[in-house]
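In case you want the letters, here they are:
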Amino acid sequence: MEGGGGSSNKTTGGLAGFFGAGGAGYSHADLAGVPLTGMNPLSPYLNVDPRYLVQDSDEFILPTGANKTRGRFELAFFTIGGCCMTGAAFGAMNGLRLGLKETQNMAWSKPRNVQILNMVTRQGALWANTLGSLALLYSAFGVIIEKTRGAEDDLNTVAAGTMTGMLYKCTGGLRGVARGGLAGLTLTSLYALYNNWEHMKGSLLQQSL
């Protein structure tokens, strides 16, 4: 029995020494007095200073000079893809509506189904191409303006939207350029106003107080 107990103690001590806890030698009284909150003293359970486990900094490590938010170049891919998918979905719904309207006098047969399917495909591709092209121009102008000015703010958004509208409607002459620029300016101005609405409300409340 004693031999068994001695071997058991040796095994326990060997395992404890292997994991780095053999030299601690804490008693039950010492362990009972360890505080559970604050995590300031050395933990006898982990043999690690808990202060190193507290994360006071950001979770991710950013390269030197990198911003915490994604720039226009990173957002360009999401913008172009999202606009293409949105245009395809809207065009498909519009094509379905037009196909049903144009074939309402036809009996429900295979020729009618083919005509509706062709209309859905044509309208989906048209709207996807249109919105994708606008998103590509807008993203390209946004990246160029951001790199030129060296800053990222709402002025880049409004300028990129205005130039996108002007270039997209440049085939319509000066009147088309003016209309396209005005449409782009209006849409991007509304978008910038929507993004800064909460900030503007907070500023107005502080001024009123």
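Residues numbered from 1 in each chain as written. Predicted model: local features only at pLDDT ≥ 70, side-chain atom pairs only at ≥ 80, totals over all residues. Heavy atoms only, no water.

Draft legend 1. The arrangement of the overall build of the protein chain in detail. Helix and strand content of the protein chain: 7 helices and 0 strands. In the protein chain, the succession of α and β elements from N to C terminus is α-α-α-α-α-α-α. In the protein chain, which comprises 209 residues, the proportion classed as buried is 20%. Restricting the contact set of the protein chain to residue pairs at least 6 apart, pairs at least 24 apart contribute 49%. When the accessible surface of the protein chain is split by element, carbon and sulfur atoms take 64% of a total near 15900 Å². (Helix = DSSP H or I, 4+ residues; strand = E, 2+ residues; numbered from the N terminus. Buried < 20%, exposed > 50% of the residue type's maximum accessible area, 1.4 Å probe, protein only. Contact = heavy atoms within 4.5 Å. Areas by Shrake-Rupley, 256 points an atom, 1.4 Å probe, with all protein chains shown as cover.)

Draft legend 2. Seen up close, the packing of aromatic side chains. Summed over all chains, the structure comprises 2 aromatic pairs. Their ring planes at 80 degrees and their centres at 5.5 Å tell us that F73 and F77 sit as a pair that is edge-to-face. In this pair, F73 and F77 both sit in helix α3 (residues 72–102), 4 residues apart, roughly one turn of the helix. Measuring from centroid to centroid gives 4.8 Å for F90 and W127, while their planes differ by 80 degrees, and the two rings are edge-to-face. Placement of F90 in helix α3 and of W127 in helix α4 (residues 110–149) is noted, with a sequence separation of 37 residues between them. (Phe/Tyr/Trp six-rings, centres within 6.5 Å; stacked < 30°, edge-to-face > 60°.)

Draft legend 3. Here's a closer look at the side chain of R112. With respect to the helices and strands, the residue R112 is situated in helix α4. An unpaired buried charge is present at R112: no salt bridge exists, and E102, the closest side chain of opposite charge, is 10 Å distant. Those residues in contact with R112, other than ones at most four positions away along the chain, are L100, T103, Q104, M106 and A107. (Lys, Arg positive; Asp, Glu negative; His and termini not counted. Salt bridge = Lys/Arg side-chain N within 4 Å of Asp/Glu carboxyl O.)

Draft legend 4. Focus on the packing of α4 against helix α5 (residues 154–168). Where α4 meets α5, the closest approach of the two axes is 8 Å, and the angle between their N-to-C directions is 135 degrees. On the basis of the axis angle, α4 is oblique to α5. Helix-helix and strand crossings are classified by hand; for α4 and α5 the assignment is right-handed. Across the interface between the two elements, T130, L134, L137, Y138, F141, G142, I145, E146 and R149 of α4 pack against L155, N156, T157, A159, A160, G161, M163, T164, L167 and Y168 of α5. When the residues that make up the contact of α4 with α5 are grouped by side-chain class, the tally is 11 nonpolar, 6 polar and 2 charged. (Axes fitted to C-alpha atoms, helices over the stretch in contact; angles between N-to-C directions. Parallel < 35°, antiparallel > 145°, perpendicular 65-115°, else oblique. Left-handed = near helix turned anticlockwise from the far one by under 90°. Nonpolar A, V, L, I, M, F, W, Y, C, P; charged D, E, K, R; others polar.)

Draft legend 5. View of the environment of S133. Assignment of secondary structure puts S133 in helix α4. Sequence-wise, S133 and Y168 are 35 residues apart; in three dimensions their C-alpha atoms are separated by 8.7 Å. Separated by 2.7 Å, the side chain of S133 and the backbone oxygen of N129 make a polar contact. (Polar contact = N/O pair within 3.5 Å; in protein donor to acceptor, adjacent residues only side chain to side chain.)

Draft legend 6. Expanded view of the UniProt feature "transmembrane region" (unreviewed entry) in the protein chain. Under the UniProt annotation, the feature "transmembrane region" (unreviewed entry) is placed at residues 75–96 and 126–145. Secondary structure content for residues 75–96 is 100% helix and 0% strand, while the C-alpha to C-alpha distance between its ends is 32 Å. Structurally, residues 126–145 comprises 100% helix and 0% strand, and the distance from its first C-alpha atom to its last is 29 Å. (UniProt positions renumbered as here; feature names shortened; annotations may be inferred.)

Draft legend 7. Structural view of the pattern of salt bridges. In the structure shown here, the tally under the stated rule is 1 salt bridge. One salt bridge in this structure joins D153 and R149, with 2.9 Å as the shortest N-O distance. Judged by relative accessible area, which is 30%, D153 ranks as partly exposed. Accessibility expressed as a relative area gives 39% for R149, which makes it partly exposed.

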